[in-house]
Amino acid sequence: MKSEIHVTGMRCHGCEILVTEALEELDGVEKVSVSHETGTVQVEYDESKVGRPALDAVIEAQGFSVTA
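Residues numbered from 1 in each chain as written. Predicted model: local features only at pLDDT ≥ 70, side-chain atom pairs only at ≥ 80, totals over all residues. Heavy atoms only, no water.

**Q** I'd like a description of the sheet that holds strand S1 (residues 2-8), backed by residues and values.
**A** With respect to topology, four strands assemble into an open sheet ordered S2-S3-S1-S4, the strand pairing being antiparallel. Edge positions in the sheet fall to strand S2 (29-35) and strand S4 (65-67), since each of these pairs with one other strand and no more. In this sheet, neighbouring strand axes are inclined to one another by 30 degrees on average, regardless of whether the strands run parallel or antiparallel. The pairing of S1 with strand S3 (residues 40-45) spans five bridges and is classified as antiparallel. Pairing of Lys 2 across the sheet is with Glu 44, part of S3. The strands touched by helix H1 (residues 13-24) within the sheet are S2 and S3, with S2 carrying the most contacts at an inclination of about 170 degrees. (Pairing = 2+ DSSP bridges. Helix = DSSP H or I, 4+ residues; strand = E, 2+ residues; numbered from the N terminus. Axes fitted to C-alpha atoms, helices over the stretch in contact; angles between N-to-C directions. Contact = heavy atoms within 4.5 Å.)

**Q** Any details on the side chain of Asp 56? Residues and values, ideally.
**A** Tracing the backbone through its elements, the reader meets Asp 56 in helix H2 (residues 52-61). Relative accessible area serves as the criterion here: at 18%, Asp 56 is assigned to the buried category. Looking at Asp 56, its side chain comes within polar contact range of the side chain of Arg 52, at 2.7 Å. (Buried < 20%, exposed > 50% of the residue type's maximum accessible area, 1.4 Å probe, protein only. Polar contact = N/O pair within 3.5 Å; in protein donor to acceptor, adjacent residues only side chain to side chain.)

Okay, structure coming up:
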């Protein structure tokens, strides 16, 4: 499964690394691409292991906001 998640609050490359590393720790996440410039996170994951709510929760736990 692929999802594009819109995120607010990311301001630099460090923010991208923080979100990338946090998501990569989740079982089932296969690929992550983060851009603070566009405010997007592209995630490829195995739906049988992890769902979109868990992805959103991990991003928000890093101090950022997930938007619709």
